[in-house]
Amino acid sequence: MSTYRSKRKSPGRVERAQWSIAFIICVCALCFIAAAPAVTAAEKKTEIPFAEAGLFIELNNTDGDLGIHALIDGKPWKRLTLESPGKQDLLNIFVRSRLRRQGLAEVALESAEPAFDELAPAQFFRRFPQGEYHIKGITIDGQEMLSVAVLKHLLPAPPEGISANGANLPEGCRDKPVTVAPDGQGRVVIAWLPVTHSHPNLGITNEPIVVEQYMVVVEEVELGLIISQDLPPNVTQVTLPSDFLGLGKQFKLEILVKEGNGNKTAVETCFAIETP
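Note that the structure is a prediction, hence the values are computed from the model and not measured.

What counts, and at which threshold
Residues numbered from 1 in each chain as written. Predicted model: local features only at pLDDT ≥ 70, side-chain atom pairs only at ≥ 80, totals over all residues. Heavy atoms only, no water. Helix = DSSP H or I, 4+ residues; strand = E, 2+ residues; numbered from the N terminus. Contact = heavy atoms within 4.5 Å. Areas by Shrake-Rupley, 256 points an atom, 1.4 Å probe, with all protein chains shown as cover. Core = buried A, V, L, I, M, F, W, Y, C linked by side-chain atoms within 4.5 Å. Buried < 20%, exposed > 50% of the residue type's maximum accessible area, 1.4 Å probe, protein only. Salt bridge = Lys/Arg side-chain N within 4 Å of Asp/Glu carboxyl O. Pairing = 2+ DSSP bridges. Patch = residues over 30% accessible without salt bridge, like charges linked within 9 Å, V, L, I, M, F, W, Y side chains within 5 Å. Disulfide = S-S within 2.5 Å.

Enquirer: Explanation requested: the overall build of the protein chain in the structure shown.
Expert: Along the backbone of the protein chain there are four helices and 15 strands. Sequence-distant contacts, at least 24 apart, represent 66% of the contacts inside the protein chain between residues at least 6 apart. Element-wise, carbon and sulfur atoms account for 54% of the exposed surface of the protein chain, whose accessible area totals about 17,000 Å².

This is the structure:
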């Protein structure tokens, strides 16, 4: 009987070495793949937030216009971007030359505020939808920065029942403003009703809101002198001193309501001081 043997030889040292190298390469590759997500997560953790990153809407209820504002502050940076909820770049700032070495830390932005007949509120809200806007930056030493600003269409209702020493002041400045008699010490108390709900017609309407603060700005018409005061949400009146009122006869008054989300609504009116 014939006996058949395989001509294949058993692996030698060279072949075993080649298999060992291939095995080591495969193990190293698997270790690298397994470690890759951990490196990415660590890189993400290196992003630092901005000290302040706010995006909000301001409505002038008297003039009928809307604008978008931003206030960004943090470590000195050389690049800044603002990204919409749809992942579109709305703003891209590169700092150049000597200013790049110095870096920027704070930037306040205010858009144009076309009247409603130029830009209807519905079109404005479509242009700037609600959602998360990513604010990204790179510090002058190369560290990445990231904060998320949430934009909402919840606008405070305009303050109503505005009065000066008890005299009702209508919204808007007219040719003949309401004349106000100062008190015995030459002062005028500006008062208004508390704002508790969102705007009745614009954005998210007639919802309860949380007022963060009121702001009152008074301007003397002829000289252009201005005084302003920020008030807590439980205070709805302010006293104008006699030394300021004595500087003129006609004054413009603006009252702003700031909601907890940063959105503001402003109304304007005027009054004249009664002279003896």
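Don't stop here, the text continues.
Enquirer: I would appreciate a short explanation of the nonpolar core in the present structure.
Expert: I190, W192, L245, L253 and F271 are the most contacted members of the largest nonpolar core, which totals 27 residues. Sorting the residues of this core by element identifies strand 10 (188-191), strand 11 (211-220), strand 13 (237-240), helix 4 (242-245), strand 14 (250-259) and strand 15 (264-273) as the ones contributing at least two each. Residues contacting L253, with those up to four places away along its chain left out, are I162, L169, I190, V216, V217, V218, V267, E268, T269 and F271. Membership of the second largest hydrophobic core comes to 25 residues, among which are W77, L119, F125 and F128.

Enquirer: Can you help me understand the pattern of salt bridges in this one?
Expert: Any two side chains of opposite charge can pair, on the condition that their charged atoms come close. Applying the stated criterion across every chain yields a total of four salt bridges. The partner of R187 in a salt bridge is D183, and the shortest N-O contact between them spans 3.2 Å. Classification of D183 as partly exposed rests on a relative accessible area of 29%.

Enquirer: Can you walk me through the pairing of strand 1 (residues 52-60) in this structure?
Expert: Along a regular strand, successive side chains alternate from one face of the sheet to the other. In terms of strand pairing, strand 1 meets strand 2 (residues 65-83) through nine bridges, oriented antiparallel. Paired with N60 across the strands is D65, a residue of strand 2. Here strand 1 runs beside strand 15; their pairing, made up of three bridges, is parallel. Looking at strand 15, one finds that E58 is bridged to K264.

Enquirer: Whenever I open this one, the sheet that holds strand 8 (residues 167-168) confuses me. Can you help?
Expert: The strand order 8-7-10-13 describes an open sheet built from four strands, whose pairing is antiparallel. The open sheet has two free edges, formed respectively by strand 8 and strand 13, since each of these has just one partner strand. As judged from the two bridges shared by strand 7 (residues 163-164) and strand 8, these two strands associate in the antiparallel manner. Pairing of A164 across the sheet is with A167, part of strand 8.

Enquirer: Please clarify how unusual backbone geometry should be interpreted in this entry.
Expert: One non-glycine residue, N165, lies in the positive phi region at around 50 degrees. Following the sequence through the fold, N165 ends up in the loop between strand 7 and strand 8. One non-glycine residue, N206, lies in positive phi territory at about 55 degrees. On the secondary structure map, N206 appears in the loop between strand 10 and strand 11.

Enquirer: Honestly, a nonpolar patch on the surface in this entry has me stumped. Any pointers?
Expert: A grouping of L223, L225 and L247 is seen on the molecular surface, where their side chains present a nonpolar patch of about 270 Å² in accessible area. With respect to the helices and strands, the residue L247 is situated in the loop between helix 4 and strand 14.

Enquirer: I keep staring at the side chain of S163 and nothing clicks. Help me out?
Expert: Within the element layout of this structure, S163 appears in strand 7. Taking relative accessible area as the criterion, S163 reaches 13% and is therefore assigned buried. Dropping the residues within four chain positions of it, S163 is found in contact with N168, L169, V189, I190 and A191.

Enquirer: Help me out: how do you make sense of the pairing of strand 10 in this one?
Expert: Relative to strand 10, strand 7 is paired through two bridges, and the arrangement is antiparallel. Bridging across to strand 10, S163 finds its partner in A191. Strand direction decides the pairing type here: strand 10 and strand 13, joined by four bridges, are antiparallel. Paired with I190 across the strands is V238, a residue of strand 13.

Enquirer: Quick question: what am I supposed to make of the state of the cysteines here?
Expert: Here, disulfide denotes a covalent bond that connects the sulfur atoms of two cysteines. In this structure the tally under the stated criterion is one disulfide. A sulfur-sulfur separation of 1.9 Å characterises the disulfide bridge that pairs C173 with C270. Because the sign of the S-S torsion sets the handedness, a value of about 90 degrees for the bond joining C173 and C270 places this disulfide among the right-handed ones. Linking C173 in the loop between strand 8 and strand 9 (178-180) with C270 in strand 15, this pair joins segments that are 97 residues apart in sequence. Residue classification places C173 among the partly exposed residues on the basis of a relative accessible area of 41%.

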